[in-house]
Amino acid sequence: MEHSIDDVHTPNPDFDPTDPHGHGHGHHGHHIISARTLMTILLILLFFTVLTVALSRGEVWIQDTFHVILPQWLNVIIAMSIATVKAVLVCAYFMGLRFDKALNSIIMLICVAAVICFLFFTSIDLGNRGAVSQLRATVPTPGGTGYGLDRTYDGISTAASPRISTSGQPITEFRRNEKLAQLAMTEAAKHGRTEPNEADVAAGEAEFWRYYYNDYVKKGKHPHRHEHDEQNLFESLGFAHHDTNVIEPVDRPDLDAVSASSPNFSYRRTGITPHLLDDGSSHDAHGDAHAPSANESHDATPAETDPDH
Amino acid sequence: MATIDANKPDLPAAGAKSHPLYWKNRGFAHHFRNADEQFDACKLGMWLFLTTEVLLFAGIFCAYAIFRMLYPEAWTAGSHHLDWRFGGLNTIVLLISSWTVASGVRSAQLGNNAALIRNLLITLVCAALFVFIKLYFEYIPKLSMGKAPGTFFSYPYAHDPHEPLWWSVYYIGTGIHALHVFIGAGLLTWVLVRAIKYEAYGPTEYTMVETSALYWHLVDLVWIFLFPLLYLIH
Amino acid sequence: MTTVDTTHELDHHDEGSYLTPKYGAMGTVWDWMTTVDHKKIGVMYLFAVLFMFFLGGVAALAVRLELLEPVRIAADGSITGQLFGGDGEAIATGNQVYNRLFTLHGAIMVFMFIVPSVPASLGNFFLPLMLGAKDVAFPRLNLFSWYIYVSGSIFGIASIVLGGVDTGWTFYTPYSTTTDADHWRVLLMVLAAFVLGFSSILTGLNFIVTTHKLRAPGMGWFDMPLFIWAIYATSIIQVLATPVIGITLLLLIFERLFKVGIFDPGLGGDPVLYQHFFWFYSHPVVYVMILPGMGIISELLSVHCRKQIFGYRAIAFSSLGIAAVSFIVWGHHMFTAMGELASTIFSALTFLVAIPTAIKVFNWIATLYKGSIAINTPMLYALSFLFLFSIGGLTGLPLGALATDLHLHDSYFVVAHFHYVMMGGTVIAFIGGIHHWWPKMFGRMYNEKAGMLGCVLVFIGFNLTFMTQFFLGTQGMPRRYASYVDEFQFLHSLSTYGSWFLLAGFLTHLFNFIHSLVAGPKAPPNPWGGLTVEWETESPPIEHNFHHEVLVKHGPYDFDTVVPPHCDERDFPLPPQDQVRAH
Ligand code: HEM
Ligand SMILES: [Cu+2]
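Summarised in this report is the structure supplied together with it. Keep in mind that this is a model prediction, so the values were computed, not measured.

1. A few points about the overall build of chain B
For step 1, the next point in the chain: Scanning chain B for helices and strands turns up six helices and zero strands.
For step 2, the next point in the chain: In sequence order, chain B lays out its α and β elements as α-α-α-α-α-α.
For step 3, the next point in the chain: If one aligns the C-alpha atoms of chain B with their principal axes, the spans along those axes are about 70 × 30 × 30 Å.
For step 4, the next point in the chain: Buried residues in chain B amount to 70% of all 234 residues.
For step 5, the next point in the chain: When the accessible area of chain B is evaluated, it comes to approximately 7000 Å², of which 70% is carbon and sulfur surface.

2. A few points about the coordination of the iron atom of ligand 1
Metal coordination angles have textbook ideals: 109.5 degrees for a tetrahedral set of four donors and 90 or 180 degrees for an octahedral set of six.
Residue and element names in this part refer to chain C.
For step 1, the next point in the chain: Within the protein, just one atom coordinates the iron atom of ligand 1: His417 (NE2), at a distance of 2.2 Å.
For step 2, the next point in the chain: If you look at the iron atom of ligand 1 and the copper ion (ligand 2), they sit 4.5 Å from each other.
For step 3, the next point in the chain: For histidine 417, the location among the structural elements is in helix α14 (residues 412-442).

3. Points about the coordination of the copper ion (ligand 2)
For step 1, the next point in the chain: Surrounding the copper ion (ligand 2) are the protein donor atoms His283 of chain C (ND1), His332 of chain C (NE2) and His333 of chain C (NE2), which sit 1.9 to 2.0 Å from the metal.
For step 2, the next point in the chain: Sequence spacing among the residues donating to the copper ion (ligand 2) works out to H-x48-H-H.

4. Focus on the packing of aromatic side chains
For step 1, the next point in the chain: Tallied over the entire structure, the rule returns 82 aromatic pairs over all chains.
For step 2, the next point in the chain: Their ring planes at 75° and their centres at 5.2 Å tell us that phenylalanine 120 of chain A and phenylalanine 121 of chain A sit as a pair that is edge-to-face.
For step 3, the next point in the chain: Here phenylalanine 121 of chain A falls in the buried class, since its relative accessible area comes to 10%.
For step 4, the next point in the chain: Aromatic side chains tryptophan 438 of chain C and phenylalanine 442 of chain C sit 4.5 Å apart centroid to centroid with 50° between the ring planes, which places their arrangement in the tilted category. With a gap of four residues between them, tryptophan 438 of chain C and phenylalanine 442 of chain C both fall in helix α14, about one helical turn apart. No difference in accessibility class separates tryptophan 438 of chain C from phenylalanine 442 of chain C, as the two residues are buried.

5. Brief notes about the site of ligand 1
All names here are of chain C.
For step 1, the next point in the chain: For ligand 1, the set of nearby residues contains 20 residues, the closest of which are Trp169, Asp405, His409, His417 and Arg479.
For step 2, the next point in the chain: The contact in question runs from an oxygen atom of ligand 1 to an N or O atom on the side chain of histidine 409, over 2.6 Å.
For step 3, the next point in the chain: Between ligand 1 and histidine 417 there is a distance of 2.9 Å, counted from a nitrogen atom to a side-chain nitrogen or oxygen.
For step 4, the next point in the chain: Looking at the shell around ligand 1, the element that brings in the most residues is α14, giving five residues.
For step 5, the next point in the chain: Residue composition of the shell around ligand 1, grouped by class: 10 nonpolar, eight polar and two charged.

6. A short note on the environment of alanine 120 of chain C
All names here are of chain C.
For step 1, the next point in the chain: Locating alanine 120 in the fold gives a position in helix α4 (residues 88-131).
For step 2, the next point in the chain: A C-alpha to C-alpha distance of 9.4 Å links alanine 120 and methionine 44, two positions 76 residues apart in sequence.
For step 3, the next point in the chain: Each residue touching alanine 120, except ones within four places of it in the same chain, is listed here: Gly42 and Tyr45.

7. Let's talk about the interface of chain B and chain C
For step 1, the next point in the chain: In this complex, chain B contributes 37 residues to the contact, which on the side of chain C involves 45 residues.
For step 2, the next point in the chain: When chain B packs against chain C, the two sides together hide about 3400 Å² of surface, and 75% of this comes from carbon and sulfur.
For step 3, the next point in the chain: In this assembly, chain B and chain C are joined by zero salt bridges.
For step 4, the next point in the chain: Counting across the interface, chain B meets chain C through nine residue pairs in polar contact (both at pLDDT 80 or more).
For step 5, the next point in the chain: Every element with two or more residues in the side of chain B that touches chain C is listed here: α1 (35-70) and α5 (163-198) of chain B.
For step 6, the next point in the chain: No other element matches α1 of chain B, which puts 18 residues into the side of chain B that touches chain C.

8. What to know about the pattern of salt bridges
For step 1, the next point in the chain: The tally for this structure, following the rule as stated, stands at 16 salt bridges over all chains.
For step 2, the next point in the chain: Among the ionic pairs, lysine 142 of chain B bridges to glutamate 138 of chain B, the shortest N-O distance being 3.7 Å. Of this pair, lysine 142 of chain B and glutamate 138 of chain B both sit in helix α4 (residues 113-144), four residues apart, roughly one helical turn. Glutamate 138 of chain B shares its class with lysine 142 of chain B; the two are buried.
For step 3, the next point in the chain: Aspartate 31 of chain C is the salt-bridge partner of lysine 40 of chain C, the closest N and O atoms lying 2.9 Å from each other.
For step 4, the next point in the chain: The class of lysine 40 of chain C is buried, set by a relative accessible area of 3%.
For step 5, the next point in the chain: For aspartate 31 of chain C, a relative accessible area of 6% puts it in the buried group.

9. Observations concerning the nonpolar core
For step 1, the next point in the chain: In terms of nonpolar packing, the biggest core is built from 297 residues, with Phe67 of chain B together with Ile262, Trp364 and Phe385 of chain C touching the most fellow members.
For step 2, the next point in the chain: Among the elements that make up this core, the one with the highest residue count is α4 of chain C (22 residues).
For step 3, the next point in the chain: Two domains each put at least three residues into this core: domain 1 (5-126) and domain 2 (171-305) of chain A.
For step 4, the next point in the chain: Within the second largest apolar cluster, 17 residues are counted, among which are Phe32 and Leu48 of chain B together with Val209 and Leu214 of chain C.

10. Looking at the environment of lysine 17 of chain B
Residue and element names in this part refer to chain B.
For step 1, the next point in the chain: Tracing the backbone through its elements, the reader meets lysine 17 in the segment before α1.
For step 2, the next point in the chain: C-alpha of lysine 17 to C-alpha of phenylalanine 152: the two residues are 135 residues apart in sequence and 56 Å apart in space.
For step 3, the next point in the chain: In contact with lysine 17, not counting residues within four places along its chain, are Tyr22, Asn25 and Glu199.

11. Examining a nonpolar patch on the surface
All names here are of chain C.
For step 1, the next point in the chain: On the surface, Phe47, Leu503, Leu507, Leu510, Phe511, Ile514, Leu517 and Val518 cluster together into a nonpolar patch covering about 730 Å² of accessible area.
For step 2, the next point in the chain: Looking at which element gives the most residues to the nonpolar patch, the answer is helix α16 (residues 489-519), with seven residues.
For step 3, the next point in the chain: Along the chain, leucine 503 falls in helix α16.

12. Overview of the state of the cysteines
All names here are of chain C.
For step 1, the next point in the chain: If you walk through the whole model with that rule in mind, you get zero disulfides over all chains.
For step 2, the next point in the chain: With no disulfide partner, cysteine 305 has as its closest neighbouring cysteine sulfur the one in cysteine 567, 16 Å distant.
For step 3, the next point in the chain: There is no disulfide at cysteine 455, and the cysteine sulfur nearest it, in cysteine 305, is 16 Å away.

Calculation criteria
Residues numbered from 1 in each chain as written. Chains lettered and ligands numbered in written order. Predicted model: local features only at pLDDT ≥ 70, side-chain atom pairs only at ≥ 80, totals over all residues. Heavy atoms only, no water. Helix = DSSP H or I, 4+ residues; strand = E, 2+ residues; numbered from the N terminus. Buried < 20%, exposed > 50% of the residue type's maximum accessible area, 1.4 Å probe, protein only. Areas by Shrake-Rupley, 256 points an atom, 1.4 Å probe, with all protein chains shown as cover. Donors = N, O, S within 2.8 Å, 3.2 Å for Na, K, Ca; no water. Phe/Tyr/Trp six-rings, centres within 6.5 Å; stacked < 30°, edge-to-face > 60°. Near = heavy atom within 4 Å. Polar contact = N/O pair within 3.5 Å; in protein donor to acceptor, adjacent residues only side chain to side chain. Nonpolar A, V, L, I, M, F, W, Y, C, P; charged D, E, K, R; others polar. Contact = heavy atoms within 4.5 Å. Buried area = accessible area lost by both parts, 1.4 Å probe. Salt bridge = Lys/Arg side-chain N within 4 Å of Asp/Glu carboxyl O. Core = buried A, V, L, I, M, F, W, Y, C linked by side-chain atoms within 4.5 Å. Domains from an automatic or database assignment. Patch = residues over 30% accessible without salt bridge, like charges linked within 9 Å, V, L, I, M, F, W, Y side chains within 5 Å. Disulfide = S-S within 2.5 Å.

In structure tokens form, the structure reads like this:
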């Protein structure tokens, strides 16, 4: 007998009285969702898309107008709630879960539970390193040390990616310095010099920040003076009036730290866990900008680093 | 011998309706009791497959969540480089495609092959539009400015030292999503070809339409979460 | 008493065994290569995983041989000294060889042998048979997943042939992102694991749908054999956990190729995040390894002591319980790296796993009580399992306890622990299961005496090899080192001698099986008097599994009340009915 898995079998309607699956035969009654429902769902989804964008823009507006910084969890919760509602609508109607066997919904729920476990327990670890012993804290060297980017093994670079050596700087800093050097060279070349002198460097820097502020401040991306703009070209280039978000230095020691962030270290951590990686030394009750340098040990107690404490 | 495909076109070739792939000529595999059971099994299989896709993306979302928690400024700064208008437009494009594909299933259930073809075509156009916007307005300009992942990062005006990491997550997340757009579009194209050529789908035979549609909705679902997470941070 | 409803006859009367070759030599090969028959696919998997077991085993023997002596000094002319060469530079090379050997042992054993072992071979063959179905739900997908398995294995072997990988089977960053730079071997091996994951997913998906949709009429959820419950729970884990290793390995590939920085502290990433990703998959996957083994044991014990399994529902639900809990304990592999809060939570959760596991063990022991225990190879293996798995599980507890794990982590104690569960558990159950179902699969009996001899050799060899490692570990022998201080040599050499006993045991089985295939006596349809559905068909089964549509009328373990199909009441007498307990 030859058989193929696609053999056509005529279903025998009165076979199988003990069918464990409990559905009879001949009922091809799959639910057909009405065109009107589909359209309504689409409109609701579009509405929620507009809503989530509007709320997010609204948050920006509130921050700029009332000079506050909203915590990030607000943004996350609003955005994720709306996204969840949208996802549920897609699952229930477009994907037909509402009219389908319960099993398929259960599968999806189990899947979501697994995802939640994954995110939850992983963040418990990453969010609480060093809660007891600083030994286990992730060392907050922003952007990394750059160590290893040029690591070689038996003289051969370890990656197919660009083989850069950042001499221990974070890659962002390395690229910035590269650009500054290049701009200084351009300035020098304008004046027929082969080596940039101090004036060239300054001019290059001004050029750099002009581009930066044009791109950011004017386009509303980041209405602040850049932390690395040490000579305050922000004001001298005439961008200061864009800064609608001046933070008063009073009463907000945590925000003081923001403006006092060193090139390698910033303290503004309004994430899910505020002050996640702060160690004691970062809380300077006197508003006197004190940022630890990169080499300062992070497990020092406040008493050791701050005599006023 | 158990053959892979029983639908040998040994029927007389007198137009689409006599083709074994024409929906009225389709049977069901011999190890199922009836066509209904086969349909349910296929759908269950697809849902299980979708859970694997969700968990695949869970890895990316997990990396996103961890680094956003650790480096909130980098995420804010990075997100400012993205234009919410393109992201929003793409969201709308995908939502519409999701709607047309759901309508496509409905057309198949009603036996309206012309509507099925129309809906699938619109869906595919949306898919192409999505990829086009992504590439032309987002990936290409950004990459040419050096806003690239990891060590490829060469943008000098970064605001936060962790921006390269943000771009890594951005490109991996949207890139793998885009890959799924391609796979989904491929599936739908296959369905479309069979619908055009053989009128392969109708009220009693639309398993492929349904399962490919489910896959396409997943692409939409993932984007529903990616969009606010990537574009709407401030 | 028949369990088959003959009123609904299918036209499979004159059908031959699925093994009968049909179209000449080439035709038969082609037939097997393109088959969608779950039995043939199961048999192909069986031989493939056994081949992988052989490859991994050779590497293991080499590792053990290396550890026979504390250091390799070629000058003193010892056997092991010659294995890896001796003088200064050669020792460094030797270390690299050693790293490669244990990596390839681990990677082959985990990804290519033990994960697919039971589900893909015995599961594929017997899941539809035990459900009374004609095939799995998606036969073509099944074949596809077999080919994915083959190509994944080819990638893995290619990586080994090109010179091997030295990252350990866990591919921890930064080892896996930095070493072997000029080669693509790590990528190849990672790709292999990635591809093999797909195969695992598709198999699991197929089994879940089959269990839901293709149970024979009359078979409700609680009429299913416990092997099916175990495979079902396994499949859930496969479907839910494997995609995470997919994305993990993908990120690893990106990391290695493009330095995206997610796992690289040099760019602000976190290498321990890799471990989270990896163990979110790999802890559940240790239950992918053990659950099918547990399922086999439930079958073996009740059939070979002719007794209703004790606590059917408890065993069934504990399989699901293990599957659920397995998703929230992965952190116990990273106690030395995580923050304290997470460590504490994970430690507490880890103890939860012990509950469903212990439920199973107690129920098995209760099943043996007052049963008529047959002394044959499957039974010996089942008893070995109980003994060895209990040790393996119990030693998991000190590892799950924070304070002790900080000392035992990455020591030989861990090595011994997971060998007791993976080898003493899964492999032992697998071999026992092969013996149990061998007559059904190939239609031939094996030699019982040789089988029992093999089992005894394996049991002795196993304990010699791994019991010693518990002591080594507690005394401070770290894992993954090629050399050690002299004081450890006695235990290490005992361990190495044990591995030779193991080899002898496995070879005995191998010859026994070959002999059985060539000259074994023909097997009756139901040699053990089993009550599950697969014993109702012929040995080996016909192409479409059953002559008739199966209608299940009794539970899988009703030995008290049912005479097994194809059996004589004289061989398998029912107990006096007035003594039968109500279940
Ligand atoms: C009673 C339940 C179990 C508990 C409480 C348990 C606990 C643990 C713990 C805490 C570790 C980490 C030790 C360390 O690295 O410091 C570990 C390692 C391990 N366990 Fe278990 N375990 C159990 C059962 C199993 C089973 C059933 C299997 C597999 C069949 C298994 C396979 C492994 C493997 C492979 C490793 C080591 C992986 C590696 O580092 O390479 N365990 N176990
Ligand atoms: Cu574990």
